[in-house]
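A closer look at the structure
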Amino acid sequence: MPPISAEKLRDLQSDPGCVRNICILAHVDHGKTSLSDCLLASNGIISQKMAGKVRYLDSREDEQIRGITMESSAISLYFKILQHNQDGSKDLKEHLINLIDSPGHIDFSSEVSTASRLCDGALVLVDAVEGVCSQTVTVLHQAYLEHIKPVLVINKIDRLVTELRLAPAEAYVHMSKLLEKVNAVVGSFFASERMEEDVDSAKEEMDDEHLYFAPEQNNVIFASAIDGWGFTVQQFAVIYEQKLGMKRSVLEKVLWGDYYYDAKNKKVLTQKSLKGRNLKPIFVQFVLETIWAVYDCTVVNRDTEKAEKIVKTLNVKVLPRDMRSKDTKTLLTTIFSQWLPLSTSVLLTVVSQVPSPTSAQHDRIPAILDSAPGGDLISSELRTAMVNCDAAGPVSAFVSKMIAVPEHELPKNKRQPATSDGEDIRERVRKAREAASKAQAEAEGRDYAPAVETGTMSLADMMSELETESGPPKKEALIGFARLYSGTLSVGDELYVLGPKFNALYPDKHISKCTITDLYLLMGRDLLSLDTVPCGNVVGIGGLDSAVLKSATLFSVKGGVNLAGVNLASAPIVRVALEPVHPSQLPQLEHGLKLLNQADPCVQVILQETGEWVILTAGELHLERCLKDLRERFAKIDIQSSKPIVPYRESIVSQTEMGLLNSADLPRGTVAVAVAGTQVKVRINVRPLPSAVTEFLETNKSAVQAIRMRKSGDAEPAEPIETVVEFDDNDELVSGVVVLGFDEFRLQLAKLFAAEKDNWADVVDKIAVFGPKYVGPNLLIDGTSAGFCKRLLAKTDDFARTPVQDSIVNAFQLATASGPLCAEPMQGVAVFVEEVSVIPDDDDTSAGELVSRYSGQIITSTRDAIRQGFLGWSPRILLAMYSVDIQAPTEVLGRVYSVIAQRRGRVVSEEMKEGTPFFSIHAVLPVAESFGFSEDIRKRSSGAASPQLIFAGFEMLDEDPFWIPSTEEELEELGEFAERENIAKKYVDGVRRRKGLFIEEKLVKNAEKQRTLKK
């Protein structure tokens, strides 16, 4: 098929009923990019023979080298079908398919979030051998949350023939079980949603049948993308309709499932009607056996005679040279490309199953608007236009991410074909001279004056000058990757830009205006310029680089709501510090980091108080990609990066054997401090929080933030305070997350405290503040009789604000943000303020004046007291942990286990995937030990095993970093210097060394004087 013209694609955009917006979602290496290659080949963009090898949408060099997708790419495809009408007439129906290929690696899950929000349907690929993997569950959940229509593609069925050597009947059983597992995952989402809601009896009867995948419903495709074939049950119903003399509608229902064909009586039988006869299921007899026969005569056991018979039976044309070809794949792909072309089955299913933007927005937009912050405040005109996909209404669009494109690749900057008189070359020479002269003038600090050209040059001289002329360095342009929900967008339009923190309750904040400079049709590696784009399409928008950081919502009129806060992305966990090799190039680094921050939806860029630039990434592979982009595209300088910095947490526990008390007169964890002589006295008591309470506070940070805003009367969440120790606290209230109300939060917290044995009664009413950052899992509790500050969770405001309140709260925030072990945040610590007294010596000095004069001393003394009380218990360090999923064959299990054990991980579970030689291993691994883990696993298993690492929170390392042998048994077993390595102390010392803190260690042991012996 010849390539489709750009004009044809532009014309198809104007009819939303002919447009389909889909994305391809799957686990890594399940065949997404190979499938997209087959679809591109149907449009003549790449050769049919190169499909699956080119990986056209993997446009980055590192994507091609690694063989995985790292960035989502979009392309528009043309598809036409001959539609049969009821009156017997036929109509040619043309469609525009906007396809987005997304990554499958867990490090780039934010790319999946951005792709799914723009689409109305998704092709969910599952490997027929590996089955449902960790990322398969993630993308299915993403599709469920976004209310997009999924189509299941069971890919790599060729592996069942060539690798597992299954018989057709065994393959049918295997695929049936795989389909059941996928449906069980989808069913679990529906069940958990019903359990979370307080549903009444009417809602409990809600039908969930439409959620599941069933071949007879035409939402399952059986395929092998690498071999270029695929089919649905509906296609085979058309093939066998006349041969079996059955209606197509009946065949569609019985081709999959436990149905059997009685050839003698020409009837379809159920399992009950078999009466002991040994018949094969219809799907095995009429579908799989034919496919298996093609593989048997071409790939498994080459048989030319049998292949010729099959070619004749299937009525396909094969050239003699293909029949004689020594490459077995050539004959196989030639037969399948004519008999069961993958692109036809996929695009037919997409057109029939995925709704058009008009019907999709009618179902999806109300739920999206209702979940957005302030969604009920949207103007009725905008809401109606978005729901109905009205091209004549006001413009509304959602920008899911920004894409960085080299400026020289933009359509307006691409070279045009040369003219015969050389006028275009003269113009390029003039522009190159002008750019070089301007750059030189700026470097010398003088004003630029354009030179007046004199004389003429020959064409040869101009060509040589153009080749040697060095212009300014190549720059990057940022393009918004957007979905247009309503209206018609044109170049030159002025739009309102709503940032991710915009709240309709405060319409004047986080809103700006921008002018659209360019519009692009995204065609993979290429861009096509557009003048106007109607609603329902995916489009690239130029002119947003100064107004949009990562995502935004665009409206042509006021009264819109924020859709940008709905994106779900994995929290970045791996942190590195960056600096240029040459300090004079620091401005280039800052500019490069700004571009990286805009172009990558998951990366976070932080400027520390020390002036150090730090980036936070989702994982090791994501970090490699960011550093490569900085060096080669954005900053274009040599950059030094520190070793990856991993976050830790500090906590305390109560043990039978603990250190000495801070004071013989005071209970454990209690410290008294006095400032300005004895004029200001503070006594605090530090205790470990119950684990259930700590977990509850970690889960409900958004509720804590909302309560704090309500009590303080703030208009919106405070800006995040970036410090060295925090990495994932985002003060935005992300919509889509269930936030507990004040009464519900207070009630649940009180229940958790009431379940504890110790004296935690009435603690909820005494909570003054949370920390660190006012939302963390630590509590400052007012235990004084008179009350020294306002209570955050008290139902009444009976307690007045005292002068010392701010100093003690600030001390608590500082102490919990930087613990005594290695200056990392605390977790699970309760600080009781038992006594506060302010007694001025001078009658003329008020308590407020005294506290104001000594506020610095009060803060530092109280902070040190909290740390001292912390060390009175048995301290612990919490490690950031990865959840690891590995699929490995039996022969490499031992090597996989040894790598996990060497890196202090532990295996949680393992199970054998039924019908395959693969084991599914689930383990946990410290993030600090994970660097190089994937590479190590692949090397030790010769590429047979590849892990997926997902951040799973923090886990306590049950070892005291200050423990030394003390009893006779311990001294006898371990010696005076504790020959067993203290893992907790090793981690603590590593962090302290990196931060420049004091480390108590002996550099020299058993030193002896050296002698120089003469020969």
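Report follows, based on the coordinates. (Residues numbered from 1 in each chain as written. Predicted model: local features only at pLDDT ≥ 70, side-chain atom pairs only at ≥ 80, totals over all residues. Heavy atoms only, no water.)

This part covers the side chain of Asn98. For Asn98, the position within the fold is in strand β3 (residues 90–101). Looking at Asn98, the relative accessible area reads 3%, which means it is buried. Polar contacts involving the side chain of Asn98 include one to the side chain of Asn21, which spans 2.8 Å. Reaching out from Asn98, the side chain makes a polar contact with the side chain of Ser76 at a distance of 2.8 Å. With residues near it in sequence (within four places) discarded, Asn98 still touches Val19, Arg20, Asn21, Ile22, Ile75, Ser76, Asn537 and Val538. (Helix = DSSP H or I, 4+ residues; strand = E, 2+ residues; numbered from the N terminus. Buried < 20%, exposed > 50% of the residue type's maximum accessible area, 1.4 Å probe, protein only. Polar contact = N/O pair within 3.5 Å; in protein donor to acceptor, adjacent residues only side chain to side chain. Contact = heavy atoms within 4.5 Å.)

This brings us to the packing of helix α11 (residues 282–300) against helix α12 (residues 304–314). For any two helices packed against each other, the geometry comes down to the angle between their axes and how far apart the axes lie. Where α11 contacts α12, the two axes come as close as 9 Å, and the packing angle between them is 145 degrees. Considering the relative orientation of α11 and α12, their crossing is left-handed. Each of Thr290, Ala293, Val294, Asp296 and Cys297 in α11 lies in contact with α12, whose residues at this interface are Lys306, Ala307, Ile310 and Leu314. Looking at the contact of α11 with α12 residue by residue, the classes come out as six nonpolar, one polar and two charged. (Axes fitted to C-alpha atoms, helices over the stretch in contact; angles between N-to-C directions. Left-handed = near helix turned anticlockwise from the far one by under 90°. Nonpolar A, V, L, I, M, F, W, Y, C, P; charged D, E, K, R; others polar.)

As enumerated under the stated definition, the model contains two cavities of 30 Å³ or more in all. The volume enclosed by the largest cavity comes to roughly 120 Å³. Lining the largest cavity are 14 residues, with Glu71, Ala599, Asp600, Arg625 and Asp629 sitting closest to its centre. Looking at the lining of the largest cavity, the elements with two or more residues in it are β10 (396–406), α20 (586–599) and α21 (620–634). The element best represented in the lining of the largest cavity is α21, accounting for five residues. Split into classes, the residues belonging to the lining of the largest cavity amount to seven nonpolar, no polar and seven charged. (1 Å grid on protein atoms, 1.4 Å probe; cavity = no way out; pocket = protein on both sides within 12 Å on 5 of 7 lines; lining within 4 Å. Points joined across faces, edges and corners; volume = space filled by probe spheres on them.)

Per the stated rule, a full pass over the model turns up 39 salt bridges. Here Asp227 ties to Lys329 by a salt bridge, and the two come within 2.7 Å at their closest N and O atoms. Placement of Asp227 in the loop between β6 (220–224) and β7 (229–231) and of Lys329 in helix α14 (residues 328–339) is noted, with a sequence separation of 102 residues between them. Residue Asp227 is classed as buried on the basis of its relative accessible area, which comes to 2%. Under the relative-accessibility criterion, Lys329 is labelled partly exposed at 34%. (Salt bridge = Lys/Arg side-chain N within 4 Å of Asp/Glu carboxyl O.)

This part covers the environment of Asp37. As for its position among the elements, Asp37 is in helix α2 (residues 32–42). For the pair Asp37 and Ala225, spaced 188 residues apart in sequence, the C-alpha separation works out to 8.6 Å. With near-sequence residues (within four places) excluded, Asp37 lies in contact with Ile46, Met50, Ala51, Gly52, Lys53, Val54, Arg55 and Tyr56. Within the local environment of Asp37, its side chain forms a polar contact with the backbone nitrogen of Tyr56, the two atoms lying 3.0 Å apart.

This part takes up unusual backbone geometry. For residues that are not glycine, phi is negative in most cases, and the peptide bond is trans in most cases. For the bond running from Gly771 to Pro772, omega is 0 degrees, close enough to zero to count as cis. Mapped onto the fold, Pro772 is located in the loop between β27 (767–771) and β28 (778–782). Residue Lys156 is not a glycine yet carries a positive backbone phi of 60 degrees. Secondary-structure assignment places Lys156 in the loop between β5 (149–155) and α6 (158–162).

Another aspect to go through is the nonpolar core. Nonpolar side chains in soluble globular proteins tend to end up buried together. Ranked by size, the top nonpolar core spans 105 residues in total, and within it Leu160, Phe222 and Ile291 carry the most contacts. It is α11 that contributes the most residues to this core, eleven residues altogether. Look past the residues within four positions of Phe222 in its chain and what remains in contact with it is Ile154, Ile157, Met175, Pro215, Trp229, Gly230, Phe231, Val233, Trp256 and Phe283. The next biggest cluster of nonpolar side chains, apart from the first, holds 102 residues, and it includes Ala397, Leu495, Cys535 and Val884. (Core = buried A, V, L, I, M, F, W, Y, C linked by side-chain atoms within 4.5 Å.)

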